[in-house]
4 protein chains.
Amino acid sequence: MPSAAVFGAAGYTGALSAKLLHDHPSFELRWITARSDAGRRLDELYPQYRVPLELEQMNLDHHAVVDAAIVAYPHGAAAELVAELRERGVRVVDLSADFRLRDVAVYEEWYRPHPEQELLTDAVYGLPELYREQIRGADLVANPGCYPTATILALAPLARAGLIDDVVIDAKSGVSGAGRAASDATHFVTVDENVNAYGVPRHRHTPEIEQELAALGADVRITFTPHLLPLDQGELVSCYVTSVEGPDAELDLAEMYREAYEHEPFVELAHTPPGVRAVRETNLCRISVHEDERTGRLIVFGAIDNLWKGAASQAVQNLNLMFGLSEGEGIS
Amino acid sequence: MPSAAVFGAAGYTGALSAKLLHDHPSFELRWITARSDAGRRLDELYPQYRVPLELEQMNLDHHAVVDAAIVAYPHGAAAELVAELRERGVRVVDLSADFRLRDVAVYEEWYRPHPEQELLTDAVYGLPELYREQIRGADLVANPGCYPTATILALAPLARAGLIDDVVIDAKSGVSGAGRAASDATHFVTVDENVNAYGVPRHRHTPEIEQELAALGADVRITFTPHLLPLDQGELVSCYVTSVEGPDAELDLAEMYREAYEHEPFVELAHTPPGVRAVRETNLCRISVHEDERTGRLIVFGAIDNLWKGAASQAVQNLNLMFGLSEGEGIS
Amino acid sequence: MPSAAVFGAAGYTGALSAKLLHDHPSFELRWITARSDAGRRLDELYPQYRVPLELEQMNLDHHAVVDAAIVAYPHGAAAELVAELRERGVRVVDLSADFRLRDVAVYEEWYRPHPEQELLTDAVYGLPELYREQIRGADLVANPGCYPTATILALAPLARAGLIDDVVIDAKSGVSGAGRAASDATHFVTVDENVNAYGVPRHRHTPEIEQELAALGADVRITFTPHLLPLDQGELVSCYVTSVEGPDAELDLAEMYREAYEHEPFVELAHTPPGVRAVRETNLCRISVHEDERTGRLIVFGAIDNLWKGAASQAVQNLNLMFGLSEGEGIS
Amino acid sequence: MPSAAVFGAAGYTGALSAKLLHDHPSFELRWITARSDAGRRLDELYPQYRVPLELEQMNLDHHAVVDAAIVAYPHGAAAELVAELRERGVRVVDLSADFRLRDVAVYEEWYRPHPEQELLTDAVYGLPELYREQIRGADLVANPGCYPTATILALAPLARAGLIDDVVIDAKSGVSGAGRAASDATHFVTVDENVNAYGVPRHRHTPEIEQELAALGADVRITFTPHLLPLDQGELVSCYVTSVEGPDAELDLAEMYREAYEHEPFVELAHTPPGVRAVRETNLCRISVHEDERTGRLIVFGAIDNLWKGAASQAVQNLNLMFGLSEGEGIS
């Protein structure tokens, strides 16, 4: 049974990664690390996960002696740890943005100087619905961002069909997407009975979405605007697509999506706009597609749980593929 | 002091109208009516409003002997009552959609056969920021819908400047916008920890927004998609505008909005995207405008309290104008 | 593999029972029934449960041909269905109050005339932590109420030790405890940003708690007051115990509770007051016990998920015992 | 018009105090101070309050040149500032606990060494319903804690009648009661869908409640347990009273409370258990009283808005009395 570690397990996505690996039938979770919470037990911080392990200060002499690692570090900090783990032969899923953008110039425009550029070519973008085969052979997988996961799955069939001329993405996220750091912005009293946009007009998930849409054939500049909502877990993207040719009487959107996803275990199609409750604590992305005949615009909704399919359970889905296990083990 | 009645005061917008008129220094609230809740006191249904009046079964022989009325009836039902009140000389603000659309064919396409078409020409669209002078002389004012109020105020400066080529409006509303009727859709357990779009792709507020944008010079077909959020009061519209000429280096959006609204007592401009908490229980619309230089798209946010500026306090603002009172009396 | 049916599967507890039996490795869920929602699929009403079965109108000729049934009917209506199922040899867990009170006079004082009194002697009170052996041999199990489940588990060690002289129970519940029926009381806008007591001073769970405390040796009249909270699932009972002898320096409460529950798979002890998030979507009851040295009073908190341990997963726990399966199958 | 300052106006209670004084017809708010937020405008931190003043670093040479001050400082820190303000002749309402406990030994047992003991005898406990006359002549008023405000008002009639033998107080508070400091405990994701007790078994509001009950004639040791709820503003206390003589057929509780409060402008009696929504953003305390005939226990509920009657609006009520103004000016 392959052994595993989670680096940065005190945050929301790291802690859930630890819980999923701890309960996983085919991985043995051996280490979990944290910085300021080192010395505490994870089930003290997250009683609901029931992981009776102590968070340790990171020490590569010990902690890199595992087969698999999930890294839940901040951008930039992740790259260096990933490089050290790779040197020691550990196969890694990285939850940060550090290896998601294939073009280092784009990364550096939106983030910061990239400390480990040579690893970029090794990294596979960890969206199994697009890159399943590459992930199977990968040693380093860049787990997608939560918004890109929902958005790309929602738009992929249209992008492949060459239908996207322009797209506006209005995204709504629960507060766990902002992470565990306590701040004015995540204080209950700030969020409760409120809703507002943030990251206007340049949210960092923009280039990641554009990269993958381009890879699918849709070379567009998107407008992407996230909003913070008073709920804990859950993310909805509302995608407004101006199609290349206008409304097409022959176009059977429902059939196009059914064909695209009928064999995908973690994509679920719906006739009505999905709510995030329907995917809470699952690895599923639930999608509905609609045509507005008055305007010719196509409207696609995608709902995920940002901590699950948007981060930790998708990381485990990737690990399952990397280690030749059944794709849904431990997450369905 | 003019006397007033509220018809349909058991629902959310009617009850708040009653509270505002009850506390108003220059109106005397004489009657409030309801159907199934007749016989109960309003402060039993809404203790927070502290209106110690009994809800009565509607009886025009009594209740039409007032100077002013707010009608909070369902679409269609409102038109008939409004007609009877007008015959008796009562000046009316109607909260329904029955007199908002100037083109009866458009009304009948989106709603139902119109029972009182001849009154349409008398009705003034009750958005004081656009029609203040006409409201001053009006006997019948059609109070705008909540979404149109926020959207039209957010877009008016761009529409007047001829800048709108296309617009996507993604709207988010608290549950009070769905009214007091108890249903699966308004059950706490349905809404809590959830978010989803509804009324896709044809929400009835669409033609109302298009009518007013056209009146301002922007003859466009809009895409309008509302979403239900887990909060009680508050509404945010996120408007994504494709401008006619693309990004204009000379265009000073902030200045354009400042000029448009500097004398408006109930429009508030902000530098950052507004949250609905900032306008809770006020007659204010809070707006921010942004330009996305990458795409040339203009993004405008408008936040209101759907029960206040989106309904009841705007109705009182209209009554104030109709009766020659100070516009903000009783609502600021 | 024993076959199973859920009667009344459109409500919250029935639907979750159906989901748990549908996913259960050792039961085959064959039928689910409903009244007004008959003809709809359960995954349309509850997409998150992913049970692709149609709700059928109850027809005992078909539906009683199963080995096991969970009955999720209203009080009174349940008794008659349970009697018919027992006549046909179906082993039943009943979620209603109809078979919980062993004294028919008490039942009739708090509820209504009991239609099936002769079955009362057959029924076992379905709290496995107290009646595990009797449940193993039972054909009819009365599943406890949600408040009694948390309260009795919280107080059982003190009751057995003869320490309870008087007890005040202040209970807090999420809205799902009020059921799926849409009403003013369950409307989002009523509950949101609110908290209030209800059922004062005579809530129907009172005699059920008193019956079981008496069976454990504490023959007391309790004060039990539930409150409605703005959350969906979860229930917390705060129990304030005046002990028989006042504070006892020798009394080791923590040790008493550890001994009582160390072999119980679904009772979890905590050092700090439990939150309901820690037991959400689990069959666990999480308990902490404290002594107030100033007053000598003992304070015990018990947290459960009202839909799980308070209803559906406890019903499955009971079915597992009745059918000789591992107690935690399908619920842990 | 008397001038005023608010010290510590960046926190929740200080900011609301500033808003109420800014809008007050008979005070001129001249200064507001803060530590880490100095230099920012209050309407940037709290747009909903619309106070266009800058938060300044405290400088007594400037800021003490006012007639009235509200001090919203932490315990201990407040005492020293209050002493300096009193030396300069400023009349002060202090929101901290520093001058609430008349017995310095009790203060030091529950808090810390008291730095300004000699001022204790000057301070009046600022609950106008009990100490209106003393407040009228006071230069230093200790504003009550939020829990004590609701609890003492709920129990005062019973305490005066000598009926309280023992009392359990189970209190529920919204998150704003925990203050603006961002922490794990106030993070949205911690609080949402949760409820738990805290401060068990020794919350610091205990001696304050006991002091005032004793002053009213009820010399009891109370059990007081607060709980944190997923709402922003609002506080409910559920008081379970064992009465001295058991149930008294002659006792007319409703009449006793009506007599006690019929002339109080800010106490409101209800027949059914009050919800906190009914008092949101008001200076009211809403109370209901019930007798459980089965147990003889009396149950009293008291609901307030913790930021208003529990802090800022009660502070203004006190200032109004101190300066000979109408008691409700600026807060009703």
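Below: a short report on this structure.

Reading the values: rules and limits
- Residues numbered from 1 in each chain as written.
- Chains lettered and ligands numbered in written order.
- Predicted model: local features only at pLDDT ≥ 70, side-chain atom pairs only at ≥ 80, totals over all residues.
- Heavy atoms only, no water.
- Helix = DSSP H or I, 4+ residues; strand = E, 2+ residues; numbered from the N terminus.
- Rg over C-alpha atoms; globule rule 2.2 N^0.38 Å.
- Buried < 20%, exposed > 50% of the residue type's maximum accessible area, 1.4 Å probe, protein only.
- Contact = heavy atoms within 4.5 Å.
- Lys, Arg positive; Asp, Glu negative; His and termini not counted.
- Charge placed at Lys NZ, Arg CZ, Asp CG, Glu CD.
- Buried area = accessible area lost by both parts, 1.4 Å probe.
- Salt bridge = Lys/Arg side-chain N within 4 Å of Asp/Glu carboxyl O.
- Pairing = 2+ DSSP bridges.
- Least-squares fit on C-alpha atoms with pLDDT ≥ 70 in both.
- Axes fitted to C-alpha atoms, helices over the stretch in contact; angles between N-to-C directions.
- Polar contact = N/O pair within 3.5 Å; in protein donor to acceptor, adjacent residues only side chain to side chain.
- Nonpolar A, V, L, I, M, F, W, Y, C, P; charged D, E, K, R; others polar.
- Parallel < 35°, antiparallel > 145°, perpendicular 65-115°, else oblique.
- Left-handed = near helix turned anticlockwise from the far one by under 90°.
- Phe/Tyr/Trp six-rings, centres within 6.5 Å; stacked < 30°, edge-to-face > 60°.
- Lys NZ or Arg CZ within 6 Å of the ring centre and 35° of its normal.
- Right-handed = clockwise from strand over helix to strand, strands pointing away.
- Core = buried A, V, L, I, M, F, W, Y, C linked by side-chain atoms within 4.5 Å.

### Observations concerning the overall build of chain A
Okay, so step 1: Looking only at helices and strands, chain A features eleven helices and 13 strands.
Okay, so step 2: Taking 332 residues into account, the globule formula puts the C-alpha radius of gyration at 20 Å, and chain A, at 19 Å, falls close to it.
Okay, so step 3: Overall, chain A is about 60 × 45 × 40 Å in size when its C-alpha atoms are taken along their principal axes.
Okay, so step 4: Here chain A holds 332 residues, and the buried ones make up 65% of them.
Okay, so step 5: Looking at chain A alone, contacts between residues at least 24 apart form 69% of all its contacts between residues at least 6 apart.
Okay, so step 6: When the 27 positive and 51 negative side-chain charges of chain A are each reduced to one mean point, those points stand 4 Å apart.

### Overview of the interface of chain D and chain C
Okay, so step 1: At the interface, 46 residues of chain D touch 46 residues of chain C.
Okay, so step 2: Around 3900 Å² of area is buried between chain D and chain C when both sides are counted, 56% of it from carbon and sulfur atoms.
Okay, so step 3: Summed over the three residues of chain D that lose the most area to chain C, namely Glu193, Arg277 and Arg294 of chain D, the buried surface amounts to 21% of that side.
Okay, so step 4: Taken together, the connections running from chain D to chain C amount to eight salt bridges.
Okay, so step 5: A salt bridge links arginine 280 of chain D to glutamate 193 of chain C; the nearest nitrogen and oxygen atoms lie 3.5 Å apart.

### Overview of the pairing of strand S9 (residues 223-228) of chain A
All names here are of chain A.
Okay, so step 1: The element S9 is largely enclosed, with a buried count of six among its six residues.
Okay, so step 2: By the alternation rule, side chains of S9 split into Thr223, Thr225 and His227 and Phe224, Pro226 and Leu228, which are all buried.
Okay, so step 3: Here two bridges tie strand S8 (residues 196-197) to S9, and the two strands are oriented antiparallel to one another. Across the sheet, alanine 197 pairs through a bridge with histidine 227, a residue of S9.

### Some points on the pattern of salt bridges
Okay, so step 1: The tally for this structure, following the rule as stated, stands at 104 salt bridges over all chains.
Okay, so step 2: Notably, a salt bridge pairs glutamate 129 of chain B with lysine 309 of chain B, separated by 3.0 Å at the nearest N-O pair. With glutamate 129 of chain B in helix H6 (residues 128-136) and lysine 309 of chain B in helix H11 (residues 308-322), this pair connects stretches of sequence that are 180 residues apart. The pair glutamate 129 of chain B / lysine 309 of chain B is uniform in exposure class, with both members buried.
Okay, so step 3: The salt bridge involving glutamate 268 of chain B is made with arginine 50 of chain D; its shortest N-O contact spans 2.7 Å. Of this pair, glutamate 268 of chain B sits in strand S11 (residues 267-269) while arginine 50 of chain D sits in the loop between helix H2 (42-45) and helix H3 (60-63), each in a different chain.
Okay, so step 4: One salt-bridge network, held together by shared partners, links Asp37, Arg40, Glu44 and Arg180 of chain A together with Asp184 of chain D.

### Re the relation of the copies chain D and chain C
Okay, so step 1: Structural alignment of chain D on chain C gives an RMSD of 0.0 Å, achieved by rotating through 180° and translating 0.0 Å along the axis. Accordingly, the operation relating the two chain copies is best matched by a two-fold axis.
Okay, so step 2: A symmetric contact is evident, with 100% of the interface residues of chain D recurring at the interface of chain C.

### Topic: the sheet that holds strand S6 (residues 140-142) of chain A
Sheet strands line up and pair through hydrogen bonds in the backbone, either parallel or antiparallel.
Residues and elements named next belong to chain A.
Okay, so step 1: Taken together, six strands build an open sheet; the order of strands is S2-S1-S3-S4-S6-S5 and the sheet is parallel. Edge strands, defined here as strands with exactly one partner in the open sheet, are strand S2 (28-33) and strand S5 (124-125).
Okay, so step 2: Of the pairings in the sheet, the one linking S5 to S6 comprises two bridges and is parallel in character. Residue valine 124 lies in a different strand from S6, and its bridge partner there is valine 141.
Okay, so step 3: Strand contacts of helix H11 (residues 308-322): strand S3 (68-71), strand S4 (91-94) and S6, with the helix running at about 155° to S4, the strand carrying the most contacts.

### Here's the deal with the relation of the copies chain C and chain A
Okay, so step 1: Relative to chain A, chain C is turned by 180° and slid 0.0 Å along the rotation axis, the superposed coordinates differing by an RMSD of 0.0 Å.
Okay, so step 2: The share of interface residues of chain C whose copies in chain A are also at the interface is 100%, consistent with both copies meeting through the same surface.

### With respect to the interface of chain C and chain A
Okay, so step 1: Between chain C and chain A, the contact holds 16 residues from the first and 16 residues from the second.
Okay, so step 2: Interface area, chain C with chain A, both sides summed: about 1100 Å², of which 32% is carbon and sulfur.
Okay, so step 3: Where chain C meets chain A, there are four salt bridges.
Okay, so step 4: The partner of arginine 277 of chain A in a salt bridge is aspartate 232 of chain C, and the shortest N-O contact between them spans 2.9 Å.
Okay, so step 5: Seen at the junction of chain C and chain A, the total is six residue pairs in polar contact (both at pLDDT 80 or more).
Okay, so step 6: For the side of chain C that touches chain A, the residue count by class is four nonpolar, three polar and nine charged.

### Quick notes on the side chain of lysine 309 of chain D
Okay, so step 1: Here lysine 309 of chain D falls in the buried class, since its relative accessible area comes to 0%.
Okay, so step 2: When residues no more than four places from it in sequence are discounted, the contact partners of lysine 309 of chain D are Pro128, Glu129, Thr149, Leu153, Thr282, Asn283, Leu284, Ile304, Gln314 and Gln317 of chain D.

### Description of the packing of helix H7 (residues 146-160) of chain D against helix H10 (residues 253-261) of chain D
Residues and elements named next belong to chain D.
Okay, so step 1: At a minimum axis separation of 9 Å, H7 and H10 run at an interaxial angle of 115°. Between H7 and H10, the angle falls in the class roughly perpendicular. Remark: the crossing between H7 and H10 carries right-handed chirality. In contact with Ile152, Leu153, Ala154, Leu155, Ala156, Pro157 and Leu158 of H7, H10 contributes Leu253, Met256, Tyr257, Ala260 and Tyr261.
Okay, so step 2: Its residues assigned to classes, the contact of H7 with H10 comprises twelve nonpolar, no polar and no charged.

### So, helix H4 (residues 77-87) of chain B
All names here are of chain B.
Okay, so step 1: Residues of H4 that are buried: Ala78, Ala79, Leu81, Val82, Ala83 and Leu85.
Okay, so step 2: At its buried positions, H4 is contacted by strand S1 (3-7), helix H3 (60-63), strand S3 (68-71), strand S4 (91-94) and strand S6 (140-142).
Okay, so step 3: Of the residues flanking the end of H4, it is glycine 89, one or two places downstream, whose phi is positive at about 85°.

### Comments concerning unusual backbone geometry
Okay, so step 1: The step from valine 200 of chain C to proline 201 of chain C runs through a cis peptide bond, and the omega angle for that step is -5°.
Okay, so step 2: By the element assignment, proline 201 of chain C lies in the loop between strand S8 (196-197) and helix H9 (206-215).
Okay, so step 3: Even without being a glycine, arginine 50 of chain B presents a positive backbone phi close to 55°.
Okay, so step 4: Positioned with a positive phi, glutamate 193 of chain C is a non-glycine residue whose angle comes to about 55°.

### A closer look at the packing of aromatic side chains
Okay, so step 1: Across all of its chains, the model carries 30 aromatic pairs over all chains by this definition.
Okay, so step 2: Here the aromatic rings of tyrosine 125 of chain B and tyrosine 131 of chain B are separated by 6.1 Å at their centres, their planes lie at 80°, and the arrangement is edge-to-face. Just as tyrosine 125 of chain B is buried, tyrosine 131 of chain B falls in that class too.
Okay, so step 3: An aromatic cluster is built from Tyr12, Tyr46 and Tyr49 of chain A, whose rings are joined through pairwise contacts.
Okay, so step 4: Above the face of the tryptophan 110 of chain C ring, arginine 202 of chain C is positioned so that its terminal group lies 4.0 Å from the ring centre.

### Some thoughts on the pairing of strand S1 (residues 3-7) of chain A
Residue and element names in this part refer to chain A.
Okay, so step 1: Most of S1 is tucked away: five of the five residues are buried.
Okay, so step 2: Burial of the side chains of S1 extends over both faces: Ser3, Ala5 and Phe7 are buried on one face and Ala4 and Val6 on the other.
Okay, so step 3: Both S1 and S2 contribute to a ladder of five bridges, which runs parallel. By the bridge assignment, valine 6 is partnered in S2 with isoleucine 32.
Okay, so step 4: What joins S1 to S2 is helix H1 (residues 12-22), and the crossover it makes is right-handed.
Okay, so step 5: Where S1 meets S3, four bridges bridge the pair, whose relative direction is parallel. Residue pairing for S3: alanine 4 is matched across the bridge by alanine 68.

### Looking at the nonpolar core
Okay, so step 1: In terms of nonpolar packing, the biggest core is built from 389 residues, with Leu158 of chain A, Leu158 of chain B, Leu158 of chain C together with Leu158 of chain D touching the most fellow members.
Okay, so step 2: Excluding anything up to four places from it in sequence, leucine 158 of chain D contacts Leu163, Ile164, Val241, Leu253, Met256, Tyr257, Leu298 and Val300 of chain D.

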